[in-house]
Amino acid sequence: MLSMQRNDPRQYDDLAGEWWRPGGPFELLHWLAEARAALIPPAESPGRILLDAGCGGGLLAPHVRGKGYRHVGVDLRRTGLERAVPRGMTAVNGDVTALPLADGSADVVVAGEILEHVTDLSGTVAELCRVLRPGGLVVLDTVNDTRLSRLITVTLGERLGIAPVGLHDPALFVPPRRLVTEFTRHGVELEIRGVRPSLPGLFRWLILGRAASGRIVPAFSAAVLYQGIGRRHAG
């Protein structure tokens, strides 16, 4: 029985000690963070800003450290930010629906595993685009709104330990077509591709109960997980 409603952000306070535990419940998020970082090019010049919206415990940090950005992480939960600061990030306590950044101040905006948790998707996308400079890059990943994604992420995922119980509300899962439409409204042409965890890594983590050198690989379908990448029109 759930002690909180689904998608209650206070759950991350209870799970704060798990952000960096090898083989813990956030193992898959580490693989997703590495896959996001692979889509981010090196900074064009010193001082460029990379905004990590909904940064949690700062899992993206080690994968972008050598790319030359000032890495700014915004998150609602201070317990996650406390884990992010030692990783070399500038941590800001804030809400992704009202980002505490100036218009056009970010060269790269990253939204990893956050869009399936927001209750105002339109407002969140508008904010991500507001702080992105013209010509800037957006990189994201999220969960599709399909029967298969609900089965894998919630029904089976919670039973197998892929996702902590109650962390997701399937009513908030995001159809790619809607996400593309929302970004297009703000001048960002978003390209979508399906992704999945590598099966050897998944087996080592879930079956053997060990930390795994898993990774995220392309999938033939975006029915469960997908990445998005796009640039804001320079005009």
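This text goes with the structure placed above it.
### What about the overall build of the protein?
- Helix and strand content of the protein: eight helices and eight strands.
- The principal-axis extent of the C-alpha atoms belonging to the protein is close to 50 × 35 × 35 Å.
- A separation of at least 24 residues holds for 73% of the contacts in the protein among residues at least 6 apart in sequence.
- For the protein, the accessible surface area stands at approximately 11,000 Å², while carbon and sulfur atoms represent 54% of it.
- Side-chain charges of the protein comprise 27 positive and 24 negative groups, with the mean position of each set lying 5 Å from the other.

### Some thoughts on the packing of aromatic side chains
- One pass over the full model with this rule turns up four aromatic pairs.
- An angle of 20 degrees between the planes, with centres 6.4 Å apart, marks the rings of Tyr 12 and Phe 26 as stacked. Residue Tyr 12 is found in helix H1 (residues 11–14), and its partner Phe 26 is found in the loop between H1 and helix H2 (27–37); the two are separated by 14 residues along the sequence. Like Tyr 12, the residue Phe 26 is buried in the burial classification.
- With a centroid separation of 6.0 Å and an interplanar angle of 70 degrees, the aromatic rings of Trp 31 and Trp 205 are classed as edge-to-face. Of this pair, Trp 31 sits in helix H2 while Trp 205 sits in helix H8 (residues 199–206); the two residues are 174 residues apart in sequence, bridging distant segments of the chain. Neither Trp 31 nor Trp 205 differs from the other in exposure class; each is buried.
- Of the aromatic side chains, those joined through ring pairs into one cluster are Tyr 12, Trp 19 and Phe 26.
- Looking at Arg 87, its charged tip hangs above the ring of Trp 20, at a distance of 3.7 Å from the centre.

### Looking at the packing of helix H5 (residues 121–130) against helix H7 (residues 176–184)
- It is at 9 Å that the axes of H5 and H7 come closest, and there the two elements cross at 45 degrees. In terms of orientation, H5 lies oblique with respect to H7. In this structure, the crossing between H5 and H7 has a hand that is right-handed. Residues Leu 121, Ser 122, Val 125, Leu 128 and Cys 129 of H5 touch H7, and the partners they reach there are Arg 178, Leu 179, Glu 182 and Phe 183.

### What about the environment of Ser 105?
- You can see Ser 105 is positioned in the loop between strand S3 (90–93) and strand S4 (106–112).
- Spatially, the C-alpha atom of Ser 105 lies 11 Å from that of Val 72, the residues being 33 residues apart in sequence.
- If we ignore the near neighbours within four places in the chain, the residues touching Ser 105 are Ile 49 and Val 131.
- Engagement of the side chain of Ser 105 in a polar contact is seen with the backbone oxygen of Ala 102, the distance being 2.8 Å.

### As for H8
- Along H8, the residues classified as buried are Gly 201, Leu 202 and Trp 205. Down the axis of H8, the smallest arc covering the buried residues is 100 degrees, so these residues share one side. Exposed side chains of H8 directed beyond 90 degrees from the buried face belong to Leu 199 and Pro 200.
- On its buried face, H8 sits against H2 and strand S6 (188–197).

Cut-offs applied
- Residues numbered from 1 in each chain as written.
- Predicted model: local features only at pLDDT ≥ 70, side-chain atom pairs only at ≥ 80, totals over all residues.
- Heavy atoms only, no water.
- Helix = DSSP H or I, 4+ residues; strand = E, 2+ residues; numbered from the N terminus.
- Contact = heavy atoms within 4.5 Å.
- Areas by Shrake-Rupley, 256 points an atom, 1.4 Å probe, with all protein chains shown as cover.
- Lys, Arg positive; Asp, Glu negative; His and termini not counted.
- Charge placed at Lys NZ, Arg CZ, Asp CG, Glu CD.
- Phe/Tyr/Trp six-rings, centres within 6.5 Å; stacked < 30°, edge-to-face > 60°.
- Buried < 20%, exposed > 50% of the residue type's maximum accessible area, 1.4 Å probe, protein only.
- Lys NZ or Arg CZ within 6 Å of the ring centre and 35° of its normal.
- Axes fitted to C-alpha atoms, helices over the stretch in contact; angles between N-to-C directions.
- Parallel < 35°, antiparallel > 145°, perpendicular 65-115°, else oblique.
- Left-handed = near helix turned anticlockwise from the far one by under 90°.
- Polar contact = N/O pair within 3.5 Å; in protein donor to acceptor, adjacent residues only side chain to side chain.
- Arc of directions from axis to C-beta.

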